[in-house]
Amino acid sequence: MKFLPRLNVTPQKLKNVLDPTSLRVRLTVGIAAVSILGLSGVVTWISWRMQNILVVTHKNNTKYIADRFPHDVEIYSDMVSIQEGTQKAIDNLTNTNTLLWVKTPQGEIFAQSMPLKMGSRGTQLVSLTDIPTQPDLQLVNGRYWLLCATDLKVKGVTLGEFYIAQDITGDQTMFLSLMRSLSFASLITIVCMTVVIAWYIKKSLQPLNRISQLTANISAEQLGEAKIQLENAPSEVKALAKTLETTLMRLSEAWEDQRQLVSNVSHELRTPLTVVSGYLQSTLRRGHNLTDIQREALETAASEADRTIQLLQDLLDLARADSGRMYFHFEPIILNELLAEIQGMVSQYPILIKFSLPADQVIVKADKNRLKQVLLNLIDNAVKYSQSVEPIIIKLDQEKGKAKLQICDRGIGIPLGDQTRIFERFYRVDEARSRHTGGTGLGLSIVKTLVEGMGGTIGVISQVDQGSTFTVILPLYR
Ligand code: ADP
């Protein structure tokens, strides 16, 4: 048993193989159905033709006997009595396969073939009542008989009914066995054809699967260089691959234009907005005679201007990262020291932030400013989305050759379905819930870009109303 290869059939694989919407299944079923119909049609026609040929040959013989018999009876009855003449004519035409008999209008046997008289063959035939006037094939007592009946008139006098029975069991049995063999051969042919058709269709559709695999793995950055290489593919599929390549190229150009536009617009808008923000801040500082309403309006305008400047800065950062123009100044950083620095910076937050640092130094190779930006962003979120008085905890550990930084809060948490999406651009769990926090939905996507740019990873574990833990893993400096 151990020599048998293991069939690795998962329910998903089986579902794919039998998927009724797939082109492979549709083509296989369609072509197999047409082949089955065609082959069954041919077999049916052959059997009908053979049966016809077989029956027609014997029918002609029957007709010949039916035509000749009255004439024979007439000749014999000139010499002997009419009953003897009929018997003689019957004996003359009877052979191993042909039995004849004549019944009077009253239904009594007038004359019959010897085997019938002796009761050796076909005795049931004479008792049949529904014999047609045209030769008809009937199964009587396990044998096939071609039966027909005609009126017997001799010298203008109706003698009764003349019956002819031809035993065609030999030919019919041979025909049926031939039909059985033909049907069996057709069945085997259909099965083999279906298997070969399924294999051929699968092979023919492989280039399409290859295109779909290749395109599925192309990232936004690789759109322009995407090459769909297909050897031995049909020319139509190659043409499709070429069209797809051109489309991807156009998409890449459009993507690049869009990035450029975002970058330029962000850059152009940031400068005047910074000036506006500066004027608003200085007006607020020096405006001693401002009314409360005027002050509130200016404060709102200043905070909105700052928020927009931050948004433009984030967009600029992302556009740079997308076009590969985000540069990192890598250097060894002692995380214990960086976190102590951050501790000083976050002391003004209204919520307690505790730091749990190991005694040993944890050193990573990263860009100090970018890493600071990452941590401040995560701490800022932890504060923004926490309503509880429980402190936020920042933990540093060293694990399996990596540095592990964790930012844990006891805040509102993130529903499971949103946890993978919060790193997407402009994604916010609940727009209404997030609006008053003043964010833009870009913070975490920048954090992820920066962490990955420094060779690390970021993940989140969270439970609604219990809190969230963001974990940043960075490679250690060696
Ligand atoms: P935002 O500017 O809205 O804070 P982010 O990209 O920083 O954008 O975060 C995306 C979304 O993830 C937020 O809108 C918020 O719903 C959710 N989120 C981020 N951090 C936390 C956290 N610590 N607790 C709960 N939800 C969070």
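Basis of the calculations
Residues numbered from 1 in each chain as written. Predicted model: local features only at pLDDT ≥ 70, side-chain atom pairs only at ≥ 80, totals over all residues. Heavy atoms only, no water. Pairing = 2+ DSSP bridges. Helix = DSSP H or I, 4+ residues; strand = E, 2+ residues; numbered from the N terminus. Expected span 1.5 Å × (residues − 1). Buried < 20%, exposed > 50% of the residue type's maximum accessible area, 1.4 Å probe, protein only. Contact = heavy atoms within 4.5 Å. Core = buried A, V, L, I, M, F, W, Y, C linked by side-chain atoms within 4.5 Å. Salt bridge = Lys/Arg side-chain N within 4 Å of Asp/Glu carboxyl O. Phe/Tyr/Trp six-rings, centres within 6.5 Å; stacked < 30°, edge-to-face > 60°. Lys NZ or Arg CZ within 6 Å of the ring centre and 35° of its normal. Axes fitted to C-alpha atoms, helices over the stretch in contact; angles between N-to-C directions.

Student: Tell me about the pairing of strand β4 (residues 143-154), and name the residues and values.
Tutor: Pairing of strand β3 (residues 136-140) with β4 involves 5 bridges; the strand directions are antiparallel. From the neighbouring strand, leucine 139 faces β4, where its bridge partner is tyrosine 144. Here β3 folds back onto β4 in antiparallel fashion, the turn holding 2 residues, of which asparagine 141 has a positive phi close to 50°. Sheet topology places β4 next to strand β5 (residues 157-167); 10 bridges connect them, and they run antiparallel. Opposite alanine 149, over in β5, you have tyrosine 163 as the bridge partner. Between β4 and β5, which pair antiparallel in sequence order, lie 2 residues; one of them, lysine 155, sits at a positive phi of approximately 50°.

Student: Report on helix α7 (residues 292-322), specifying residues and quantitative values.
Tutor: With 31 residues, α7 should reach 45 Å at 1.5 Å per residue; the first-to-last C-alpha distance of 45 Å fits that figure. For α7, the complete set of buried residues consists of Leu298, Ala302, Ala305, Ile309, Leu312, Asp314, Leu315, Leu316, Asp317, Leu318, Ala319 and Asp322. Lining the buried residues of α7 we find α6 (235-286), α9 (368-384) and α12 (443-453). The positive-phi residue at the C-terminal boundary of α7 is glycine 324, with phi of around 70°.

Student: So what's going on with the nonpolar core? Which residues, and what values?
Tutor: Leu335, Ile353, Val364, Leu371, Leu378 and Phe470 are the most contacted members of the largest nonpolar core, which totals 46 residues. Broken down by element, this core gets its largest block of residues, 7 residues, from α9. The residues touching valine 364, leaving out its near neighbours within four places in the chain, are Glu331, Pro332, Ile333, Leu335, Leu371, Ala403, Leu474, Pro475, Leu476 and Tyr477. Among the nonpolar cores identified, the runner-up in size contains 17 residues, and Leu93, Leu159, Phe162 and Ile164 belong to it.

Student: A description of the pairing of strand β7 (residues 353-356) should follow, citing residues and the corresponding values.
Tutor: Alternating residues of β7 divide into Ile353 and Phe355, all buried, and Lys354 and Ser356, none buried. As paired strands, β7 and strand β9 (residues 392-399) are joined by 4 bridges and run parallel to one another. Across the sheet, lysine 354 pairs through a bridge with isoleucine 393, a residue of β9.

Student: Give a description of the pattern of salt bridges that names residues and reports values.
Tutor: Evaluated as defined, the whole model comprises 13 salt bridges. Aspartate 322 serves as the salt-bridge partner of arginine 425, at 2.9 Å between the closest nitrogen and oxygen. Residue arginine 425 is located in the loop between α10 (416-419) and α11 (431-435), and its partner aspartate 322 is located in helix α7; the two are separated by 103 residues in the primary sequence. Among the salt bridges present, the one from glutamate 452 reaches lysine 448, with a minimum N-O distance of 2.9 Å. Of the two residues, glutamate 452 and lysine 448 both sit in helix α12, 4 residues apart, roughly one turn of that helix. Taken together, the shared-partner salt bridges in this structure form one network comprising Glu341, Lys368 and Lys372.

Student: Help me get a handle on the packing of aromatic side chains, residues and values and all.
Tutor: Tallied over the full model, the rule gives 4 aromatic pairs. With 6.4 Å between their ring centres and 75° between their planes, phenylalanine 423 and phenylalanine 470 make a pair best called edge-to-face. Within this pair, whereas phenylalanine 423 is found in the loop between α10 and α11, its partner phenylalanine 470 is found in strand β12 (residues 467-475), the two being separated by 47 residues in sequence. One cation-aromatic arrangement involves lysine 103 over tyrosine 163; the distance from NZ or CZ to the ring centre is 5.6 Å. Lying across the ring of phenylalanine 328, arginine 370 places its NZ or CZ 5.8 Å from the centre.

Student: Report on the sheet that holds β12, specifying residues and quantitative values.
Tutor: On the basis of which strands lie adjacent, the open sheet formed by 5 strands has the order β7-β9-β10-β12-β11 and mixed pairing. At either end of the open sheet lies a strand with only one pairing partner, and these are β7 and β11 (457-463). Adjacent strand axes in the sheet meet at a mean angle of 15° when their direction is disregarded. Bridge analysis of strand β10 (residues 402-409) against β12 gives 8 bridges, and the strand direction is antiparallel. Across the sheet, the residue bridging to isoleucine 407 is phenylalanine 470, located in β12. Sheet contacts for helix α8 (residues 335-345): β7, β9 and β10; angle to β9, the most-contacted strand, approximately 170°. Relative to the sheet, α9 contacts β7, β9, β10, β11 and β12, its axis offset from that of β10 by approximately 25°.

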